[in-house]
Amino acid sequence: KDAATKSKGPRLEKLKLLNGDNISGKFLGIRDGKILWQHPSFNASVQVKSVDIDEIRLFPGAGKSRRHNCTVELVNGDTLQGDLIELSETELVLDTWYGGQLKLPRSSVRRRISARRW
């Protein structure tokens with residue numbers, strides 16, 4: 001099909017593996033250290049070892065997107081966006097549209113960038 005006749009479906013998320021492979025689809029969650037992923041061509045969801053993943057790009061569904069007040073850079077270089085709920089000596093808690101409340105050990109956080117002052 002040419003671009004004019006393709007129907008606009010939901011925006012597919014992206015899973016990038018360390019070996020350079022990219023898989024479009026839908027992030028379904030995390031179970032036992034594995035990412036659950038659904039691809040339109042697969043009959044069932046697949047489990048991908050998190051140690052083999054370089055990057056996951058998520059897109060909010062209708063009505064889920066919102067501006068967050070904080071970006072967190074982790075020591076491994078990953079970045080997460082969310083609303084800062086708590087910052088203690090031992091953990092940082094972010095509220096996100098993509099994962100609910102995420103509790104991160106402070107030792108995993110390199111830096112925090114706030115979009116607005118507290």
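Whatever comes next refers back to the structure up there.
In this report, we go over the structure that sits alongside the text. (Residues numbered from 1 in each chain as written. Predicted model: local features only at pLDDT ≥ 70, side-chain atom pairs only at ≥ 80, totals over all residues. Heavy atoms only, no water.)

Side note on the overall build of the chain
The test is simple: In this text, helices come from DSSP runs of H or I with a minimum length of four residues, and strands from runs of E with a minimum of two, each type numbered from the N-terminal end. Using a 1.4 Å probe on the protein chains alone, a residue whose accessible area is under 20% of its type maximum counts as buried, one over 50% counts as exposed, and one in between counts as partly exposed. By definition in these notes, contact holds between two residues if any of their heavy atoms fall within 4.5 Å. Only the protein chains shown count as cover for residues, and all accessible areas are computed by the Shrake-Rupley method using a 1.4 Å probe.
Each helix and strand counted, the chain has 0 helices and 10 strands in total. The linear arrangement of helices and strands in the chain, starting from the amino end, is β-β-β-β-β-β-β-β-β-β. Scored against the burial criterion, the 118 residues of the chain give a buried share of 25%. For the chain, restricting intrachain contacts to residue pairs at least 6 apart in sequence, the fraction spanning at least 24 positions comes to 36%. As displayed, the chain offers around 8700 Å² of accessible surface, 47% of which is attributable to carbon and sulfur atoms.

Some words on the sheet that holds strand β6 (residues 70-74)
Stated precisely, the cut-off is as follows: Strand pairing follows a simple DSSP-based rule, namely that at least 2 bridges must link the two strands. Axis geometry follows a simple rule: fit a line to the C-alpha atoms, using only the stretch in contact for helices, then measure angles between N-to-C directions, giving values from 0 to 180 degrees.
One open sheet holds the 5 strands; their spatial order is β9-β8-β7-β6-β10, and the pairing between them is antiparallel. Looking along the sheet, the strands with just one partner apiece sit at the ends: β9 (100-105) and β10 (109-114). Strand after strand, the sheet turns through a mean of 45° between neighbouring axes, direction not considered. Bridge count between strand β8 (residues 91-96) and β9: 6 bridges; the pairing is antiparallel. Considered in β9, the bridge of T96 is made with G100.

Concerning the nonpolar core
For the record, the criterion: Throughout, nonpolar core names a set of buried Ala, Val, Leu, Ile, Met, Phe, Trp, Tyr and Cys residues whose side chains join them through atoms within 4.5 Å.
Core analysis: the biggest nonpolar cluster contains 9 residues, these being C70, V72, L74, L80, L84, L92, L94, L104 and V109. For this core, the elements supplying multiple residues, two or more each, are β6, β7 (79-87) and β8. In terms of residues, this core owes the most to one element, β6, which gives 3 residues. What L94 contacts, discounting residues up to four positions off in sequence, is C70, V72, L80, Q81, G82, D83, L84, I85, G100, Q101 and L102.

Looking at the layout of surface pockets
Put simply, the rule reads: For cavity detection a 1 Å grid was placed over the protein atoms alone, and a set of points counts as a cavity when a 1.4 Å probe fits there but cannot get out; an open set counts as a pocket when protein lies on both sides within 12 Å along at least five of seven lines, with lining residues being those that have an atom within 4 Å of a point. Grid points are joined across faces, edges and corners, and a volume is the space filled by probe spheres set on the points. Here the nonpolar group is Ala, Val, Leu, Ile, Met, Phe, Trp, Tyr, Cys and Pro; Asp, Glu, Lys and Arg are the charged ones; every other residue, Gly included, is treated as polar.
Considering only enclosed or pocket space, the largest pocket measures out at about 1200 Å³ in volume. I56, L58, T79, L80 and Y98 are, among the 36 residues lining the largest pocket, the residues nearest its centre. Contributions of two or more residues to the lining of the largest pocket are made by β2 (22-31), β5 (53-57), β6, β7, β9 and β10. The class makeup of the residues in the lining of the largest pocket is 17 nonpolar, 12 polar and 7 charged.

Re the side chain of H39
The cut-off we apply is this: N or O atoms within 3.5 Å of each other form a polar contact, as long as, within protein, one can give a hydrogen and the other can take it, and as long as residues adjacent in sequence are counted only when both atoms are side-chain atoms.
Mapped onto the fold, H39 is located in the loop between β3 (34-38) and β4 (46-49). Side-chain polar atoms of H39 contact the backbone nitrogen of S41, separated by 2.9 Å. Leave out the neighbours within four places in its chain, and H39 touches I23, S24 and G25.

Here we look at the environment of I113
With respect to the helices and strands, I113 occurs in strand β10. Residue classification places I113 among the partly exposed positions, given a relative accessible area of 39%. Sequence-wise, I113 and C70 are 43 residues apart; in three dimensions their C-alpha atoms are separated by 5.7 Å. Among all residues touching I113, those that are not within four sequence positions of it are N69, C70 and T71.

These figures capture arrangement, not role.
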